[in-house]
Amino acid sequence: MKIQIVENVLKLNDEVAAANRARLAQGRVFTVDLMGAPGAGKTALLEATLKRLPASTRAAVIVGDLATARDGQRLQACCRQVVQVNTGKTCHLEAHHVARALQRLNLDRIDLLIIENVGNLICPVGFDLGQGAKVGLFSVTEGDDKAAKHPFLVRESDLLVLNKVDLLPYVKFDSGVFRRDVARLRPHARLIETSVTTGQGLDLWINWLLGCCATLRTRGRSGGPVAIGRGRPRKTRPARKDAAL
Ligand code: MG
Ligand code: ZN
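Basis of the calculations
- Residues numbered from 1 in each chain as written.
- Chains lettered and ligands numbered in written order.
- Predicted model: local features only at pLDDT ≥ 70, side-chain atom pairs only at ≥ 80, totals over all residues.
- Heavy atoms only, no water.
- Donors = N, O, S within 2.8 Å, 3.2 Å for Na, K, Ca; no water.
- Helix = DSSP H or I, 4+ residues; strand = E, 2+ residues; numbered from the N terminus.
- Buried < 20%, exposed > 50% of the residue type's maximum accessible area, 1.4 Å probe, protein only.
- Expected span 1.5 Å × (residues − 1).
- Contact = heavy atoms within 4.5 Å.
- Core = buried A, V, L, I, M, F, W, Y, C linked by side-chain atoms within 4.5 Å.
- Polar contact = N/O pair within 3.5 Å; in protein donor to acceptor, adjacent residues only side chain to side chain.
- 1 Å grid on protein atoms, 1.4 Å probe; cavity = no way out; pocket = protein on both sides within 12 Å on 5 of 7 lines; lining within 4 Å.
- Points joined across faces, edges and corners; volume = space filled by probe spheres on them.
- Nonpolar A, V, L, I, M, F, W, Y, C, P; charged D, E, K, R; others polar.
- Pairing = 2+ DSSP bridges.
- Axes fitted to C-alpha atoms, helices over the stretch in contact; angles between N-to-C directions.

A. View of the coordination of the magnesium ion (ligand 1). Coordination of the magnesium ion (ligand 1) by the protein is provided by Thr 43 (OG1), Asp 71 (OD) and Glu 116 (OE), with metal-donor distances spanning 2.0 to 2.1 Å. Motif for the magnesium ion (ligand 1), donor spacing along one chain: T-x27-D-x44-E. Of this pair, Thr 43 sits in helix H2 (residues 42-52) while Glu 116 is found in strand E4 (residues 112-116), placing the two residues 73 residues apart along the sequence. Note on accessibility: Thr 43 and Glu 116 belong to one class, buried.

Quick look at the structure:
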């Protein structure tokens, strides 16, 4: 009974994710699950982010990849607490990967934890890690059809980032198509356009992260700033004109 096995795997994952969420809430750590395709610029965005975060925000990163510690090594240059997870043949992070990585972090000394998921737009969406928010990262080099082709990522993400916008003059990417697809799938989606090369949008992205951390601090253990209503649209704060659809 294949379906039964899949259900059991997801149920076990949800239990471990709930334990992760409780540990992170206890340590008052705001946690982001960053999902995007290979080459979308996840690690580069994190490098730029970690360099720009105020010193008062203590950050840590868990980075998932099938093989190599290359991303972890890159991120170590800008962050003291980095844990590299190699998943072998598994094409996404699961809650138990994160649980093991959390054992190697001092949660009392972390305000913001960013989890760079394995480069993949599909199954990372289905595995709760215990995060406070999910971020879906697309880049203009992937083509303007990717939001429409990955509706679950769009619907489940609390924030969408469109990266590498500095390359728009050189690639076939119709922003109108992409934005219309996003709006159809998630009417009140928050979308930030970024470029690590020019710095465009990085302030908006970092302010969003800092806002999430601040809300967690004021709300305390009752939870993160964004309701992770799986499948349900969350209530969004009025978005800034240039940040929203
Ligand atoms: Mg990477
Ligand atoms: Zn997978």
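B. Representation of helix H8 (residues 202-219) within the structure. In this model, H8 (18 residues) spans 26 Å end to end at C-alpha, consistent with the 26 Å of a helix rising 1.5 Å per residue. Listing the buried residues of H8 in full gives Leu 202, Leu 204, Trp 205, Ile 206, Trp 208, Leu 209, Cys 212, Cys 213, Thr 215 and Leu 216. Each element contacted by the buried residues of H8 is listed here: strand E1 (30-36), H2, E4, strand E5 (133-139), strand E6 (159-163) and strand E7 (191-193).

C. Expanded view of the nonpolar core. Of all hydrophobic cores here, the largest spans 33 residues; its most connected members are Phe 30, Leu 50, Leu 112, Val 135, Trp 205 and Trp 208. The dominant element in this core, judged by the number of residues it contributes, is H8, at nine residues. The contacts of Val 135, once residues within four sequence positions are left out, are Val 32, Asp 33, Leu 34, Met 35, Ser 157, Leu 159, Val 161, Trp 205 and Trp 208. Counting 18 residues, the second largest nonpolar core, distinct from the first, contains Val 125, Phe 138, Phe 173 and Leu 185.

D. How the structure looks around the environment of Lys 172. Tracing the backbone through its elements, the reader meets Lys 172 in the loop between E6 and helix H7 (175-185). Measuring from C-alpha to C-alpha, the distance between Lys 172 and Asp 144 comes to 7.9 Å, with 28 residues separating the pair along the chain.

E. Up close: the coordination of the zinc ion (ligand 2). Donor atoms from the polypeptide that bind the zinc ion (ligand 2) are Cys 91 (SG), His 92 (ND1) and Cys 123 (SG), placed at 2.0 to 2.2 Å. Donor residues for the zinc ion (ligand 2) sit on one chain with the sequence pattern C-H-x30-C. Placement of the pair is Cys 91 in the loop between strand E3 (81-86) and helix H4 (95-102) and Cys 123 in the loop between E4 and E5, with a sequence separation of 32 residues. Residue Cys 91 is classed as partly exposed on the basis of its relative accessible area, which comes to 35%.

F. Structural detail: helix H1 (residues 2-26). In this model, H1 (25 residues) spans 37 Å end to end at C-alpha, consistent with the 36 Å of a helix rising 1.5 Å per residue. For H1, every residue scored as buried is listed here: Asn 13, Ala 17, Asn 20, Leu 24 and Ala 25. Turning to H1, the residues buried within the fold contact E1, H4 and E4. Following H1 by one or two positions, Arg 28 adopts a phi angle in the positive range, close to 50 degrees.

G. Structural detail: the side chain of Ser 139. Its location among the elements puts Ser 139 in strand E5. A distance of 3.1 Å separates polar atoms of two side chains, one belonging to Ser 139 and the other to Thr 141. A distance of 2.7 Å separates polar atoms of two side chains, one belonging to Ser 139 and the other to Glu 142. Non-local contacts of Ser 139, meaning those with residues more than four positions away in its chain, are made with Gly 39, Ala 40, Leu 162, Asn 163, Lys 164 and Phe 173.

H. Region of interest: the layout of surface pockets. The space that makes up the largest pocket amounts to roughly 330 Å³. Around the largest pocket, the lining residues are Leu 50, Leu 53, Pro 54, Ala 55, Thr 57, Arg 58, Ala 59, Cys 78, Cys 79, Arg 80, Gln 81 and Arg 109. For the lining of the largest pocket, a count of residues per class yields seven nonpolar, two polar and three charged.

I. View of the sheet that holds E4. On the basis of which strands lie adjacent, the open sheet formed by seven strands has the order E3-E2-E4-E1-E5-E6-E7 and parallel pairing. Every other strand in the sheet has two partners, leaving E3 and E7 as the edge strands with one partner each. For this sheet the average axis-to-axis angle between neighbouring strands, irrespective of direction, equals 20 degrees. Bridge count between E1 and E5: five bridges; the pairing is parallel. Note on E5: the bridge partner recorded for Met 35 is Gly 136.

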